[in-house]
Amino acid sequence: MILIEQDFFEKDTCDFLISLALKNESKANPFRDIYVLPFLEIEYIFGKKIINYVTNFLGRRGLISYPERMQITIWNENSKQDMHFDTAKESTNLTSITYLNSDYEGGETVFKNGISIRPEKGKTVFFDGKKYFHGVNPVKKGKRLILAIWYTSDINSIIIK
């Protein structure tokens, strides 16, 4: 299942997360050619609100999934990610990607089955990253900001207890 939710997060939420990411960009850890901010380490209270929001959304759809890892990723020009499966915990059962901005070119999320997701501010894509071969086209111009969350059905693996 690939679930695409348009306007999953409101513009104000995205703007807050963008501001948070840019203010803390110097604290981001390099990973391949992107930069990763451990979200809860820089904004715990708002992070708890995000966790409650996504958990309730998934629960209303019959999906028992709780966030086990959450990060904001910063993709500069020419950043990309080759096709891959997520290497996650055994208990990981879902991934979500939320586009925080759309004022850049490129950076589409692509799947081996031919689906290509055009980034739009607030749009969230839910999928099982261990089952769907996926990647990211190169960012051609601008900076791509994403909220990435990995989920588990194992209550002992959640990030906030």
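Per chain, the residues get numbers from 1 upward, laid out in the order the sequence is written. With pLDDT at 70 or above as the cut-off, local features in this predicted model cover only qualifying residues; side-chain atom pairs require 80 or more to be listed or tallied, and sums for whole chains, interfaces and linings still use all residues. The side-chain numbers reported here are obtained from all heavy atoms of the structure, hydrogens and water having been left aside.

Observations regarding the overall build of the chain
Here is step 1: Think of it this way: any DSSP run of H or I at least four residues long counts as a helix, any run of E at least two long counts as a strand, and we number them from the N terminus. Counting its regular elements, the chain contains 3 helices and 13 strands.
Here is step 2: We take the radius of gyration over the C-alpha atoms and set the globule estimate at 2.2 Å times the residue count to the 0.38 power. What you see for the chain is a C-alpha radius of gyration of 15 Å, in line with the 15 Å of a compact globule of 161 residues.
Here is step 3: With the principal axes as the frame, the chain shows a C-alpha extent of 40 × 35 × 25 Å.
Here is step 4: Of the contacts made within the chain by residues no fewer than 6 positions apart, 80% connect residues no fewer than 24 positions apart.
Here is step 5: As displayed, the chain has an accessible area near 8400 Å², and 50% of this comes from carbon and sulfur atoms.
Here is step 6: When charges are tallied, Lys and Arg are placed among the positive residues and Asp and Glu among the negative ones, while His and the ends of the chain are skipped. Charge placement uses NZ in Lys and CZ in Arg. For Asp and Glu, CG and CD serve respectively. Taking the average location of the 22 positive side-chain charges in the chain and that of its 20 negative ones, the two points are 2 Å from each other. Residues are treated as being in contact if the distance between any of their heavy atoms lies within 4.5 Å. Residue burial considers only the protein chains on display, and all accessible areas are found by Shrake-Rupley using a 1.4 Å probe.

Section: the side chain of Asn 24
Here is step 1: Secondary-structure assignment places Asn 24 in the loop between α1 (11-23) and β2 (29-31).
Here is step 2: Accessible area is worked out with a 1.4 Å probe on protein chains only. A residue is then buried under 20% of its type maximum, exposed over 50%, and partly exposed in between. Looking at Asn 24, the relative accessible area reads 7%, which means it is buried.
Here is step 3: Of the polar contacts made by the side chain of Asn 24, one reaches the backbone oxygen of Leu 20; its length is 2.8 Å. Pairs of N or O atoms within 3.5 Å make up the polar contacts considered here, provided that, within protein, one atom can donate a hydrogen while the other can accept it, and that residues adjacent in sequence are counted only when both atoms are side-chain atoms.

Description of the sheet that holds strand β11 (residues 134-136)
Here is step 1: Note on pairing: DSSP must find at least two bridges between two strands before they are called paired. Taken in spatial order, the 4 strands of this open sheet run β5-β11-β8-β9, and their pairing is antiparallel. Across the chains shown, the open sheet's two edge strands, defined by having one partner strand only, are β5 (81-84) and β9 (116-117).
Here is step 2: Judged from the 2 bridges that link them, strand β8 (residues 109-111) and β9 form a sheet pairing that is antiparallel. Counted as the bridge partner of Thr 109 is Ile 117 from β9.

Details of the sheet that holds strand β3 (residues 34-38)
Here is step 1: What the 7 strands build is an open sheet, ordered β1-β10-β6-β13-β4-β3-β2; its pairing is antiparallel. In this open sheet, the two strands that pair with only one neighbour each are β1 (2-5) and β2. Within this sheet the neighbouring strands show an average axis-to-axis angle of 25°, counted without direction.
Here is step 2: Seen against the sheet, helix α3 (residues 44-60) touches β1, β4 (66-75), β6 (92-99), β10 (124-127) and β13 (144-152) and runs at an angle of roughly 120° to β4. Lines fitted to C-alpha atoms define the axes, with helix axes restricted to the stretch in contact, and inter-axis angles between N-to-C directions lie between 0 and 180 degrees.

Here's the deal with α1
Residues that lie three or four places apart on an α-helix share one face, since the helix turns once every 3.6 residues.
Here is step 1: To estimate the expected span of a helix, subtract one from its residue number and multiply by 1.5 Å. For α1, with 13 residues, the first-to-last C-alpha span of 18 Å sits near the 18 Å given by 1.5 Å per residue.
Here is step 2: Contacts made by the buried residues of α1 are with β3, α2 (39-42), α3, β4, β6 and β13.

Regarding the packing of aromatic side chains
Here is step 1: Note on aromatic contacts: the rings of Phe and Tyr and the six-membered ring of Trp form a pair at centre separations within 6.5 Å, being stacked when their planes are under 30 degrees apart, edge-to-face when over 60 apart, and tilted otherwise. All told, the structure shown has 11 aromatic pairs when counted by the stated rule.
Here is step 2: Look at Phe 16 and Phe 46: their rings are 4.6 Å apart centre to centre, the planes differ by 55°, and that puts the pair in the tilted class. Taken together, the residues Phe 16 in helix α1 and Phe 46 in helix α3 connect sequence positions 30 residues apart.
Here is step 3: Summarising the aromatic geometry, the rings of Phe 111 and Phe 127 are spaced 5.0 Å apart at their centres and angled 85° between planes, so their arrangement reads as edge-to-face. Here Phe 111, found in strand β8, pairs with Phe 127, found in strand β10; they are 16 residues apart in sequence, far enough to count as distant.
Here is step 4: Of the residues examined, Phe 111 reaches a relative accessible area of 4% and is grouped as buried.
Here is step 5: Under the relative-accessibility criterion, Phe 127 is labelled buried at 0%.
Here is step 6: Through pairs of rings, three or more aromatic residues link up here, namely Phe 8, Phe 9, Tyr 53, Phe 57, Phe 126 and Tyr 151.
Here is step 7: The lysine or arginine in question, Arg 144, covers the ring of Trp 75, its NZ or CZ lying 4.6 Å from the ring centre. The rule for a charge over a ring is simple: NZ of Lys or CZ of Arg within 6 Å of the ring centre, and within 35 degrees of the ring normal.

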